[in-house]
Structures are given as C-alpha cells and as structure tokens.
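Tertiary structure, described
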Amino acid sequence: MPGGLSVSRGRAIVLGAGIIGAACAWRLAQRGFDVIVIERESAPATGSTGRSAAGVRHQFSEEVNVRLSMASIDEYRQMPQAAYRAQGYLFAVPGDAWNAHREAARMQRALGAPVETITPAEAARRVPMTLDGLGGATWCPSDGVVDPHGICLEYVARARALGARFVFGEAVEHLERRDGLWRARGSSARFEAPLVVNAAGPWAGELARSASLIVPVSPARRIVFTTAPLPEDLRACAPYPWTIDLASGVYLRSEGERLIFGCSNPADTGFEEGIDWLWLEEVYTRALTRFPWFERLAIDRRACWWGYYEMTPDANPVLGRMPGAPGWINACGFSGHGVQQAGAVGRVIAEEACGEAAFIDIDALRIERFSHRAEDRSNRERLVI
Ligand SMILES: Cc1cc2nc3c(=O)[nH]c(=O)nc-3n(C[C@H](O)[C@H](O)[C@H](O)COP(=O)(O)OP(=O)(O)OC[C@H]3O[C@@H](n4cnc5c(N)ncnc54)[C@H](O)[C@@H]3O)c2cc1C
C-alpha cells in the first residue's frame, strides 16, 4: 500500500463520470474490461453534462461530427431515459456564409440527415424574425432535445450491471505510467490499470498535464439565459425549435412555457464562475436585431445557468490513443457538442481500446492533427453555437 493509500487495480481507468465517461465505461465493460470510473464529485453528470442545453443535431460543417451525432441520436431514440424530442433546428444564415452552409447541408443530406434548405421568408414563418442580410436557412426536423442526465445515469446503470466500479468523491491529482501500468493518485486512494480514458471534460487538459502530457482542451464559460413564461400571443409559435441566427450568434428554443437563449462570448475563457449579467445586455442587443419581439420578454434570473464548454483549437473533439503514452486514450474536447456525440464516442473508444477499426473513422480527430497542421484550420468545425 504505497503512501498508505489503498490501491485498486482494474483493466481500464476512466477519468470522469460525465456522459462521455459513462458511455465509455459501459462500452468497455461490454468488451469485458474490468473498469474503474473515478469521479471527483459525489454523483454522475455534475460537470458540463449537467449544465448542457441538451441539443442534438445533424447539422455540422464537418462530416465526422455529423456521423458521430447521427449514430448517437439513433442510439438515444431507442433509449426511453434519453427522452428524445424532435423539436428541430433552424439555422438562419447570412448571405456571405450561405454558399458554405448550403454545401454543408448537401453533405448532411448525403449522409442521410433530413436537412432542408429553405428561404428566409419560410424560416420567418416558423419563427418570427427580420430578414435583413439573410441568404437562406436550413431546417432539420429530426434535430432536437434530449435529457443528458437521463442518458448519463442510464449508461452508469448499464456499466455497473456489467461490473464497472464507480468511485465518487475522489479527485485524481496525479497520473504516471510505470511498469506497464497507469497509476492514478487520488485524494484518498490509488488506482492502477494498463489503460486510461481521459473523459474529464473541461478538465481534460489539466488532468493530462498532471501526467506530463499536452492535450489542448481548455474551458470556456457559457451562459444560458431563461425567460419568464411567454406572453400569451408569443406562445402561438411554441414549441420554438432551436433557432440559431448565425449573423448575431444568438440562439433560442422553447423550454416548457419559457424560452432559453444565449450567445457565446469568445472572450469568456478559463475557469470563470457564475453568470456574467453584463453579457446579458450584449445578447439582448444582438437578439433584438433578428427577433424584435425580444423586447417583450422578461428574464427569470433564478432559472439562468452557466457551465464550461471544453474547447480545442479547431472546435473538434480529441479522440483516440495518445502517441508516446501507451495505454492513454483521449475522449475529450467536444467543444460544446459532447451530449450529442456520447453514444457514438463510447463505441469508438471501446473499439480503439480493443485495437479494432472504429465504426466511424476518427482519424481526423486524433491528437496528431495539431502537430501535422499547426497553421491549417480548414477542418475547423464552423457550426459551434
Ligand atoms: C451551457 C452549456 C450548454 C451546452 N449545450 C450543449 C448542447 O446543447 N448539446 C451538446 O451536445 N452539448 C452541449 N454542451 C456541451 C456538453 O455539456 C459537453 O460537451 C459534455 O457534457 C461533455 O461531457 P463529458 O462527460 O466529457 O464532461 P463532464 O460532464 O464535464 O464530465 C467530466 C467529469 O470529470 C470530472 N473530473 C474532472 N477532473 C477530475 C479529477 N481530477 N478527478 C476526478 N474527476 C474529475 C468532473 O467532475 C466531471 O464530472 C453544453 C455545455 C454547456 C456548458
């Protein structure tokens, strides 16, 4: 018992019990791995997963992201705990971005997503909006909303049923590989396994550093604002689909009788905490340019929330084995899309662990891309909200 701490040994350690860690644990356990999931908090889904706005969509600019979301949504459709609702995503696209967006819609359709290109006027019939500067819009009726807690807890239950051990309230402080094993030192115990899956969400970069590895994942605070119940006449359009104005960056959707809405602040990086109420002024101002009826909405301050995106330099996830670090697998950097990709990610990570070709080619998402294409950002995911 080195250092006086108890030692648990398994065949795979999963760092983090968010939706990604839980999905990986289940899929690894299905493959016969003896899995230990280590989570700092006292329950699953308390990191980004519990702060998500719960959107799932097929509309991405990068093909691999469409594939990951599509396979995950297919899985969630079969899972009652996911409570999948096809509420649709409507993108309103400015003229200068329309050609590239329409191309992406073609790619999404070719992959089987029912994405329609529509005119700005048609978009405004779904959700009232001004048409200034818009080149077109896209609508996908099978995009929608899920219950991230429900999915995460279901993956935990499935993993446990196959023997996976979940250790809560244990913060991993340091990791090192010695004699063919990864050794994780936690706050009150030690863990050993030949395989480690880094599913620590916004903390994935930090945890990698504790193992002397560089994984370019950094936190960025994102705030979701919530209105009071809508005035009677504005309820006529409800449920409002996910509606994204790519000109201003403002998004909105129905949540019961209310709307949730927001807009990413690119300057909001690092582990900032709490709600930035000054940013609300900026979001309101931008929202009014496209949705003038916003001036009639009241905010419910107690129902607003915040959490961290886990950003990478090109807004794509980092998946797969780490060069130079045998047994280390990354499953992180989802850049705000991890809920809608977890189902597929659990599968590809288990395939990677077993040395098999993944059912979705993840080569474009391997960490090596950052050294190969330091200056090339052509594969950057453009549809980050
Ligand atoms: C406001 C907001 C809105 C979002 N909206 C959407 C959306 O609409 N659709 C979508 O798909 N995604 C959305 N996301 C992103 C999504 O929530 C994340 O991509 C996803 O939850 C990532 O899951 P995860 O399991 O990787 O991370 P997390 O859920 O953060 O899990 C990581 C876990 O690791 C644990 N951990 C960290 N460090 C340690 C340590 N040292 N020791 C032990 N445990 C540790 C943490 O406690 C945490 O529980 C949103 C995120 C935010 C913040």
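Here's a quick rundown of the structure. Here the structure is a predicted model, which is why all the values come from computation and not from measurement.

1. Considering the nonpolar core
- One finds Ile 13, Ala 25, Val 35 and Val 197 to be the most contacted residues of the largest nonpolar core, which totals 115 residues.
- The biggest single contributor to this core is helix α1 (residues 19–30), with nine residues.
- Those residues in contact with Val 197, other than ones at most four positions away along the chain, are Ala 12, Val 14, Leu 15, Cys 24, Ile 329, Ala 331 and Ile 349.
- In this structure, Ala 220, Tyr 308, Tyr 309 and Met 311 belong to the second largest nonpolar core, which totals five residues.

2. What to know about the sheet that holds strand β17 (residues 258–262)
- Pairing within the open sheet is mixed, and its eight strands lie in the order β6-β7-β5-β15-β16-β17-β14-β18. Where the open sheet ends on each side, the last strands, each with one partner, are β6 (116–118) and β18 (305–311). Within the sheet, the average angular offset between the axes of one strand and its neighbour, ignoring direction, is 25°.
- Along the sheet, helix α7 (residues 277–290) makes contact with β5 (89–94), β14 (218–226), β15 (242–245), β16 (250–255) and β17, crossing β16 at roughly 90°.

3. A look at the environment of Arg 380
- Among the structural elements, Arg 380 can be located in the segment after α9 (369–372).
- When the 15 C-beta atoms within 10 Å are taken as the criterion, Arg 380 is described as partly exposed.
- For the pair Arg 380 and Gly 201, spaced 179 residues apart in sequence, the C-alpha to C-alpha distance is 19 Å.
- When sequence neighbours within four positions are dropped, the list of residues in contact with Arg 380 reads Asp 314 and Ala 315.

4. Quick word on the site of the ligand
- Around the ligand, a shell composed of 41 residues is seen, among which Gly 16, Gly 18, Gly 47, Gly 201 and Gly 338 lie nearest.
- At the level of elements, α1, β3 (35–39), β14 and β18 are the ones that each hand at least two residues to the shell around the ligand.
- Per-element tally for the shell around the ligand: the top contributor is β18, with four residues.

5. Quick look at the sheet that holds strand β11 (residues 181–186)
- Strands sit in the order β1-β12-β11-β10 across an open sheet of four strands; the sheet is mixed. The open sheet has two free edges, formed respectively by β1 (6–9) and β10 (172–178), since each of these has just one partner strand. In this sheet, adjacent strand axes meet at a mean angle of 20° when their direction is disregarded.
- Relative to strand β12 (residues 189–193), β11 runs antiparallel, the two sharing four bridges. In the sheet register, Arg 185 faces β12, and the bridge partner there is Arg 190.

6. Description of the environment of Phe 225
- Within the element layout of this structure, Phe 225 appears in strand β14.
- For Phe 225, a count of 25 C-beta atoms within 10 Å translates into the label buried.
- Considered as a pair, Phe 225 and Glu 381 are 156 residues apart in the sequence and their alpha carbons are 24 Å apart.
- Not counting residues within four places of it along the chain, the set of residues in contact with Phe 225 comprises Ile 260, Phe 261, Gly 262, Leu 280, Val 283, Ile 299 and Cys 304.

What counts as what
- Residues numbered from 1 in each chain as written.
- Predicted model: local features only at pLDDT ≥ 70, side-chain atom pairs only at ≥ 80, totals over all residues.
- Core = buried A, V, L, I, M, F, W, Y, C linked by C-beta atoms within 7 Å.
- Buried ≥ 20, exposed ≤ 12 C-beta atoms within 10 Å, placed from the backbone.
- Helix = DSSP H or I, 4+ residues; strand = E, 2+ residues; numbered from the N terminus.
- Contact = placed C-beta atoms within 7 Å.
- Pairing = 2+ DSSP bridges.
- Axes fitted to C-alpha atoms, helices over the stretch in contact; angles between N-to-C directions.
- Near = placed C-beta within 6 Å.

All we've got here are geometric facts, nothing functional implied.
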